[in-house]
Amino acid sequence: MLAAVLENVLGMGDQVQSGAGVTTPGPALGLHGVQPREELGGSGRPARVGRWLTSIYSDATLITQFDGEEPDWKAPVARRGGAPTSSSTLPSLVVRMWSDADVAEGHTVLEIGTGTGYSTALACERLDSGDVTSIEVDPRRLEAAADALYGCGYTPTLAVADGLYGYWPEARFDRVVAACSFRSVPAALLDQTRPGGKILLTLSGWLYGYARVLLTVAEDGTAQGSLLPDTVSFMAARTHAPPSFGNPAHWAAGLPDKPRTALHGPERLMAATEEAFHLRFIAQCAVPDAQVVMVDETVCLVDVVSGSAATLSPSDGKWRVREGGPLRLWERVERVVSAFDAAGRPGPETFTLRVCDADQRLVHPTVPDLLLRRTSLP
């Protein structure tokens, strides 16, 4: 049923078109006969059924929760503001993820981030429900997803658990697929993946740089894989969300009065281009604890871990930098951007992530290695 809907509404035919313009074979994933997205959309049928169905079957991500608060789906009210904390990912990306992970019959799979259960249903259709484990950190989200999945006839293993720790009771897995992002690769996921198995996840950080990577786990427990060439982002795992840093003016007040001229401006990281999307992730590796905020026309960088800060203000067509604290935040960013330019502005697929014990390193033939921020377990 779902395959027909996708073909008619999204115009996919024999292929599913991804948001990044790459096609992946829909039928090869076994989508025929999957329950429709309307049964796994996170809510009951509203009064305006036609409008609701149009949204459900659009190739768009549907936000289903803000600030960790589950809406009253029987009596919904308009909401403004708040941070999205759960969603039903756009169908083309869901299909692409399972395709990128190279899931095949007989594989055991761990999905991190059940959400509405839509992606879980596709996994159950491609595999046997008994081979699918899906975990969700939010118990109310999981309860709603479980009702939908079981109502559609799917019986995967479901559990309330933090993806940072994987799910030991069902390990080991042939594939791990995360529908959230992490600042670094959780060690538990490597430990719970069989040698030769693959981990597909999105890396993120407090500068909102993202990169997807497909890792292959070796016999010795190490892993490596290339970054994937797309502009995909996912909500951060809740334990990896950025902390509050207070008033930017308080941080700026302690900076030196005399600025210097910036070698590279912040637009290199903030432009709405694929290169800026990729470069923001690389720069983030150089200042992994920094956050960014705009105050009028001034860009503020704040690092709550080291106590460092920087501001960039426009002046006469240039950017003036003030930096203070143990780390020169923008100077670190400039070094990475200069190395990126000197290497010919390479694409993400030319970078390899190598994971070995506590060392997680982004490697490129002509760019200095970059270390991912290693986050300790609580």
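These remarks concern the structure in this document. Here the structure is a predicted model, which means the values were calculated and not measured.

**Let's talk about the overall build of the protein**
- Along its length, the protein carries 10 helices and 19 strands.
- Residue burial in the protein is summarised as follows: out of 378 residues, 50% are buried.
- Put simply, 59% of the contacts in the protein that link residues at least 6 apart link residues at least 24 apart.
- With an accessible surface of roughly 16900 Å², the protein has 52% of that area assigned to carbon and sulfur atoms.

**Focus: the packing of aromatic side chains**
- For the structure on display, the rule yields one aromatic pair.
- Between the aromatic rings of Tyr210 and Phe277, the centroid separation amounts to 6.3 Å while the plane-to-plane angle is 20°, which identifies the pairing as stacked. Here the residue Tyr210 occupies a position in the loop between β9 (193–203) and β10 (211–217), and Phe277 occupies one in helix α9 (residues 274–286), the gap between them amounting to 67 residues.
- Directly above the ring of Trp206 sits Arg183, whose terminal nitrogen or CZ lies 3.7 Å from the centroid.

**Digging into the nonpolar core**
- Among the nonpolar cores identified, the biggest contains 53 residues, and Ile112, Leu201, Leu353 and Leu362 are the most heavily contacted of them.
- When residues in this core are grouped by element, the largest group, seven residues, is from helix α10 (residues 329–342).
- In contact with Ile112, not counting residues within four places along its chain, are Ile135, Gly163, Val176, Val177, Ala178, Ala179, Cys180, Phe182 and Leu189.
- With 27 residues, the next largest nonpolar core counts Val94, Val103, Leu127 and Tyr154 among its residues.

**So, helix α5 (residues 139–151)**
- In this model, α5 (13 residues) spans 18 Å end to end at C-alpha, consistent with the 18 Å of a helix rising 1.5 Å per residue.
- Those residues of α5 lying buried are Arg141, Leu142, Ala145, Ala146, Ala148 and Leu149.
- Among the residues trailing α5, Gly153 stands out with phi positive, at a value near 95°.

**Quick notes on the sheet that holds strand β19 (residues 370–371)**
- An order of β7-β6-β5-β8-β9-β10-β11-β17-β18-β19 is seen for the 10 strands of this open sheet, with the pairing classed as mixed. Strands with a single pairing partner mark the edges of an open sheet, and in this sheet they are β7 (157–160) and β19.
- As defined by bridge partners, strand β6 (residues 132–136) adjoins β7 across four bridges and the pair is classed as parallel. Residue pairing in the sheet places Ser134 in a bridge with Leu158 of β7.
- Most of the contacts of α5 go to β7, to which it runs at about 165°, and overall it touches β6 and β7.

**Side note on the pattern of salt bridges**
- For the structure on display, the rule yields 18 salt bridges.
- Across the salt bridge formed by Lys198 and Asp102, the nearest N and O atoms sit 3.5 Å from each other. Remark: Asp102 occurs in the loop between α3 (91–100) and β5 (109–112) and Lys198 occurs in strand β9; sequence separation between them is 96 residues.
- Close ionic contact of Glu275 with Arg268 constitutes a salt bridge, the shortest N to O distance being 3.8 Å.
- By relative accessible area, Glu275 is classed as partly exposed at 29%.
- What makes Arg268 buried here is its relative accessible area of 16%.
- Connected through salt bridges with shared partners, the residues Arg96, Asp100, Arg212 and Asp230 form a single ionic network.

**Regarding the sheet that holds strand β16 (residues 318–324)**
- The antiparallel open sheet is built from five strands, whose spatial order is β12-β16-β15-β14-β13. Two strands bound the open sheet, and with one partner strand each, they are β12 (260–261) and β13 (290–295).
- Here β13 runs beside strand β14 (residues 298–303); their pairing, made up of six bridges, is antiparallel. Paired with Ala290 across the two strands is Asp303, which belongs to β14.
- Each of β12, β13, β14, β15 (308–315) and β16 is contacted by α10, which is oriented at about 70° to β15, the strand it contacts most.

**Here we look at the packing of α9 against α10**
- Packing of α9 against α10 leaves a shortest axis separation of 9 Å and a crossing angle of 130°. Between α9 and α10, the angle falls in the class oblique. In terms of crossing hand, the pair formed by α9 and α10 is right-handed. Residues Glu275, His278, Leu279, Ile282, Ala283 and Ala286 of α9 form the contact with α10, whose own contacting residues are Arg332, Val333, Val336, Val337 and Phe340.

**Considerations on the side chain of Thr120**
- Among the structural elements, Thr120 can be located in helix α4 (residues 118–126).
- If near-sequence neighbours (up to four positions away) are discounted, Thr120 is found in contact with Glu111, Thr114, Val132, Ser134, Leu149 and Pro156.

Quick notes on the rules
Residues numbered from 1 in each chain as written. Predicted model: local features only at pLDDT ≥ 70, side-chain atom pairs only at ≥ 80, totals over all residues. Heavy atoms only, no water. Helix = DSSP H or I, 4+ residues; strand = E, 2+ residues; numbered from the N terminus. Buried < 20%, exposed > 50% of the residue type's maximum accessible area, 1.4 Å probe, protein only. Contact = heavy atoms within 4.5 Å. Areas by Shrake-Rupley, 256 points an atom, 1.4 Å probe, with all protein chains shown as cover. Phe/Tyr/Trp six-rings, centres within 6.5 Å; stacked < 30°, edge-to-face > 60°. Lys NZ or Arg CZ within 6 Å of the ring centre and 35° of its normal. Core = buried A, V, L, I, M, F, W, Y, C linked by side-chain atoms within 4.5 Å. Expected span 1.5 Å × (residues − 1). Pairing = 2+ DSSP bridges. Axes fitted to C-alpha atoms, helices over the stretch in contact; angles between N-to-C directions. Salt bridge = Lys/Arg side-chain N within 4 Å of Asp/Glu carboxyl O. Parallel < 35°, antiparallel > 145°, perpendicular 65-115°, else oblique. Left-handed = near helix turned anticlockwise from the far one by under 90°.

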